[in-house]
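Per-entry structural report
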Amino acid sequence: MSQGLCTALVDATEDAVNLILETLATVIAQDKRTSLADVEAVVAPMILKIWAENFNDPLLQSDVSDILDVLIDRPECLPSLCNRAFPTLGTIISNPSQQPNGLVEAALDIATVLLKRSTPETAALAYGTLYDPIIRLAVENDDHGILQSSAESLRAFVRAAGSGVLNIEGKSKSHTY
């Protein structure tokens with residue numbers, strides 16, 4: 001059923017997208033027969049695409065957030081969801097001047113949601129793509145909203161990584177800001 005709803009999203013009108021996303025969130029939350037890991041593989045790419053295209057639409061963001069919450073709450077979904085989301089979020093966060101107004105802050109908020117429920121292993125996945133760009137934003141940006149969101153993301157990252165935060169190695173090359 002999730003696959004069919006995702007297919008319907010492709011050609012849906014703006015009003016229908018909201019209804020389909022609400023239905024999808026309910027179906028995913030209630031379907032006990034289907035592996036959520038399988039559902040995540042179908043749903044996550046579509047949801048992340050809708051999020052990126054409509055980051056400034058609060059109604060769609062609420063629907064996307066509801067679906068992400070269901071997926072994030074399942075330990076079997078979180079690593080693959082993070083593997084899908086972190087590279088996209090990292091690209092957005094790494095290039096703030098090339099993004100539409102509000103997208104960087106929205107990307108930081110999604111990263112924070114993912115990191116808050118992450119394990120140390122998942123936090124290690126985030127390190128290579130998110131840590132340096134978030135630090136750079138926190139140090140170099142003067143937008144209050146981005147500074148606040150950067151601080152929240154860093155807090156979530158450190159909490160998720162736990163005491164192993166000092167041992168994480170990633171793609172990060174330099175820590176001189």
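Residues numbered from 1 in each chain as written. Predicted model: local features only at pLDDT ≥ 70, side-chain atom pairs only at ≥ 80, totals over all residues. Heavy atoms only, no water.

Describing the pattern of salt bridges
- Applying the stated criterion to the full structure yields 5 salt bridges.
- The closest approach of N and O atoms between Arg117 and Asp69, which form a salt bridge, is 3.4 Å. Residue Arg117 is found in the loop between helix H6 (103–116) and helix H7 (120–140), and its partner Asp69 is found in helix H4 (residues 58–72); the two are separated by 48 residues along the sequence.
- What makes Asp69 partly exposed here is its relative accessible area of 25%.
- With a shortest N-O distance of 3.6 Å, Asp73 and Arg117 are connected by a salt bridge. Of this pair, Asp73 sits in the loop between H4 and helix H5 (78–94) while Arg117 sits in the loop between H6 and H7, placing them 44 residues apart in sequence.
- Looking at Asp73, the relative accessible area reads 49%, which means it is partly exposed.
- For Arg117, a relative accessible area of 37% gives the class partly exposed. (Salt bridge = Lys/Arg side-chain N within 4 Å of Asp/Glu carboxyl O. Helix = DSSP H or I, 4+ residues; strand = E, 2+ residues; numbered from the N terminus. Buried < 20%, exposed > 50% of the residue type's maximum accessible area, 1.4 Å probe, protein only.)

A word on the packing of helix H1 (residues 2–10) against helix H3 (residues 36–53)
- Contact pair H1 / H3: the axes reach a minimum separation of 9 Å and the direction vectors enclose 25°. What the angle tells us is that H1 and H3 run roughly parallel. The two elements H1 and H3 cross, and the hand of that crossing is left-handed. On H3, the residues touching Ser2, Gln3, Cys6, Leu9 and Val10 of H1 are Val39, Val42, Val43, Met46 and Ile50.
- When the residues that make up the contact of H1 with H3 are grouped by side-chain class, the tally is 8 nonpolar, 2 polar and no charged. (Axes fitted to C-alpha atoms, helices over the stretch in contact; angles between N-to-C directions. Parallel < 35°, antiparallel > 145°, perpendicular 65-115°, else oblique. Left-handed = near helix turned anticlockwise from the far one by under 90°. Contact = heavy atoms within 4.5 Å. Nonpolar A, V, L, I, M, F, W, Y, C, P; charged D, E, K, R; others polar.)

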